[in-house]
Amino acid sequence: MPHRTVGSTIHLSGQLPVGRDVELETAQELARHAALNALAAAARAVGDLDRVRIVQMLVFVASTPDFGQQLNVANAASELFIEVLGENGRHARTAIGVAGLPLNTPVEIQVVCTAV
Amino acid sequence: MPHRTVGSTIHLSGQLPVGRDVELETAQELARHAALNALAAAARAVGDLDRVRIVQMLVFVASTPDFGQQLNVANAASELFIEVLGENGRHARTAIGVAGLPLNTPVEIQVVCTAV
Amino acid sequence: MPHRTVGSTIHLSGQLPVGRDVELETAQELARHAALNALAAAARAVGDLDRVRIVQMLVFVASTPDFGQQLNVANAASELFIEVLGENGRHARTAIGVAGLPLNTPVEIQVVCTAV
């Protein structure tokens, strides 16, 4: 299911863009795309985008062992949340590099948000 | 510790089956096994399996870089939750492929649930 | 941002020590360092270290596919929480091996805690 609510906290399912074997700029674009998908899912869950507050984001980047730029990919998603939601878009964040992702996509984000 | 409760939300520790270097069907069986372990831990935490609601699941699958079927592994665990708990078994989910897991197990799941 | 609070629950951002290509003992030391950083962030978020309760920890260890000792790395962080906070330091935990981490660090932890 796209999200699960407990109290005022909403756990969104992982958001997957498409594509693979990409350059940093493409990965950043995919991260923004995934963040937009998350915002859409959050707005549906809360009923109103203006009441969405992002709490936590886990960013998974399909990475070779020597790719250390996961923060640059994650920043693209973080910045989109803040552009759209302002202060409510700020969040705790963890970014990691993983061996692979479903459908061989290069970026996946998992978001916890809340209604304000 | 097997779980930690905050309000009505219960964070279960990662559930590890055993084995490695497995085929898809075996990975699915191990995912079901891990899901059963999670249900048992949740029932102990809540006191009654009938009051367990699954909120969120993170599925980690030890993967080579070109293995894109993490969703098929995760589905096995998701379906077990829904078989056992019905509507209360539905959840937000994120599946990723990782370089390796503790004890060289091929599948690990992390579950957040709540008491209803 | 270093943390995001929702109700009494505090989601801390991933804590990164520095260094890479390390031995087990060094990884354990880095895990303790990351746990100390998390405690400092939690104390700032809650206002008082004595009121911090750890709920959940995700431990990411940059790993080659055949490294199965992620639990030994994670134990170093878990033990530090319990040394400092006693019963309030106990937590649900998931440890995984990942392809790589931001800044090529070998260990990252993500913590959810609460104020008591």
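A brief report on the enclosed structure follows. (Residues numbered from 1 in each chain as written. Chains lettered and ligands numbered in written order. Predicted model: local features only at pLDDT ≥ 70, side-chain atom pairs only at ≥ 80, totals over all residues.)

**Regarding the interface of chain B and chain C**
Accessible area lost upon the coming together of the parts is a frequently used measure of interface size.
For step 1, the next point in the chain: Contacts between chain B and chain C engage 18 residues on the former and 22 residues on the latter.
For step 2, the next point in the chain: Mapped by element, the contributors of at least two residues to the side of chain B that touches chain C are strand 1 (3-6), strand 2 (9-12) and strand 5 (107-115) of chain B.
For step 3, the next point in the chain: No other element matches the three residues that strand 1 of chain B contributes to the side of chain B that touches chain C.
For step 4, the next point in the chain: For the side of chain B that touches chain C, the per-class residue count stands at nine nonpolar, seven polar and two charged. (Contact = placed C-beta atoms within 7 Å. Helix = DSSP H or I, 4+ residues; strand = E, 2+ residues; numbered from the N terminus. Nonpolar A, V, L, I, M, F, W, Y, C, P; charged D, E, K, R; others polar.)

**Focus: the relation of the copies chain B and chain A**
For step 1, the next point in the chain: Note on the copies: chain B fits chain A at an RMSD of 0.0 Å, the axial shift is 0.0 Å, and the rotation between them is 120°. Such a combination of rotation and displacement between the chain copies is what one expects of a three-fold axis.
For step 2, the next point in the chain: Here only 9% of the interface residues in chain B have copies in chain A that are interface residues too; the copies meet through unlike faces. (Least-squares fit on C-alpha atoms with pLDDT ≥ 70 in both.)

**A look at the nonpolar core**
For step 1, the next point in the chain: In terms of nonpolar packing, the biggest core is built from 120 residues, with A:Ala31, B:Ala31 and C:Ala31 touching the most fellow members.
For step 2, the next point in the chain: Once residues lying within four places of it in the same chain are set aside, the contact partners of B:Ala31 are B:Val59, B:Val73, B:Ala74, B:Ala76, B:Ala77, B:Val107 and B:Ile109. (Core = buried A, V, L, I, M, F, W, Y, C linked by C-beta atoms within 7 Å. Buried ≥ 20, exposed ≤ 12 C-beta atoms within 10 Å, placed from the backbone.)

**Examining the sheet that holds strand 3 (residues 52-62) of chain A**
All names here are of chain A.
For step 1, the next point in the chain: Spatial strand order, 1-2-5-3-4: five strands in an open sheet with mixed pairing. This sheet does not close on itself; its edge strands, each paired only once, are strand 1 (3-6) and strand 4 (92-98). Pairs of neighbouring strands in the sheet enclose a mean axial angle of 15°, with direction left out of account.
For step 2, the next point in the chain: In this sheet, strand 4 lies alongside strand 3 in parallel orientation, the contact comprising seven bridges. Within the sheet, the bridge partner assigned to Gln 56 lies in strand 4 and is Ala 92.
For step 3, the next point in the chain: Set on the sheet, helix 2 (residues 70-85) makes contact with strand 3, strand 4 and strand 5 (107-115); between it and strand 3 the angle comes to about 160°. (Pairing = 2+ DSSP bridges. Axes fitted to C-alpha atoms, helices over the stretch in contact; angles between N-to-C directions.)

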